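# Examination of the molecular architecture
Okay, here's what each chain looks like letter by letter:
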Amino acid sequence: MSLQSHPPETTLSDDGTTAAVCPYCDRPFVTERQRALHVGERHNATEAERRAYEAARDAESDELFRLHLKVIFAVGLLYAASIVGGVVAFSLPG
Ligand SMILES: [Zn+2]
């Protein structure tokens, strides 16, 4: 197994356009939310930037919660399907 780390995905859109650029370090971002998170975590944000950061963090947290619900549902469905499959397989005469 390789221990080589993979860099994060930083590819921008094919036409080279960016939705937002950091006002402090000129780093391009694909979405405004990514820029708000970057500014809030890496720079001394103004009050408006701090509010944007909090909103972006809340939105990301909500999105992560929904993802966890989907994963729990999928694991539960897989578990139930395996139980039903086992019951059917062991009840067959043979
Ligand atoms: Zn920056």
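Residues numbered from 1 in each chain as written. Predicted model: local features only at pLDDT ≥ 70, side-chain atom pairs only at ≥ 80, totals over all residues. Heavy atoms only, no water.

Only C22 (SG), C25 (SG), H38 (NE2) and H43 (NE2) from the protein coordinate the zinc ion, and they sit 2.0 to 2.3 Å from it. Given four donor atoms and angles of 101 to 124° at the metal, the environment of the zinc ion is assigned as tetrahedral. Written as a sequence motif, the donor residues of the zinc ion are C-x2-C-x12-H-x4-H. Here the residue C22 occupies a position in the loop between β1 (20–21) and β2 (28–29), and H38 occupies one in helix α1 (residues 32–42), the gap between them amounting to 16 residues. Comparing C22 with H38 shows no difference in burial state: the two are buried. (Donors = N, O, S within 2.8 Å, 3.2 Å for Na, K, Ca; no water. Tetrahedral: all angles 85-135°; square planar, octahedral: opposite > 155°, others 65-115°. Helix = DSSP H or I, 4+ residues; strand = E, 2+ residues; numbered from the N terminus. Buried < 20%, exposed > 50% of the residue type's maximum accessible area, 1.4 Å probe, protein only.)

A few words now on the packing of α1 against helix α2 (residues 47–91). Two numbers describe a pair of packed helices, the interaxial angle and the distance between the axes. One can describe the packing of α1 onto α2 by two numbers: an axis separation of 8 Å at closest approach and a directional angle of 120°. By the angle between their directions, the pair α1 and α2 is classed as oblique. Here the hand of the crossing between α1 and α2 comes out left-handed. The segment α1 lies against α2, with R33, A36, L37, V39, G40 and E41 engaging E49, R50, A52, Y53, A56, R57, A59, E60 and E63. When its residues are assigned to classes, the contact of α1 with α2 shows seven nonpolar, one polar and seven charged. (Axes fitted to C-alpha atoms, helices over the stretch in contact; angles between N-to-C directions. Parallel < 35°, antiparallel > 145°, perpendicular 65-115°, else oblique. Left-handed = near helix turned anticlockwise from the far one by under 90°. Contact = heavy atoms within 4.5 Å. Nonpolar A, V, L, I, M, F, W, Y, C, P; charged D, E, K, R; others polar.)

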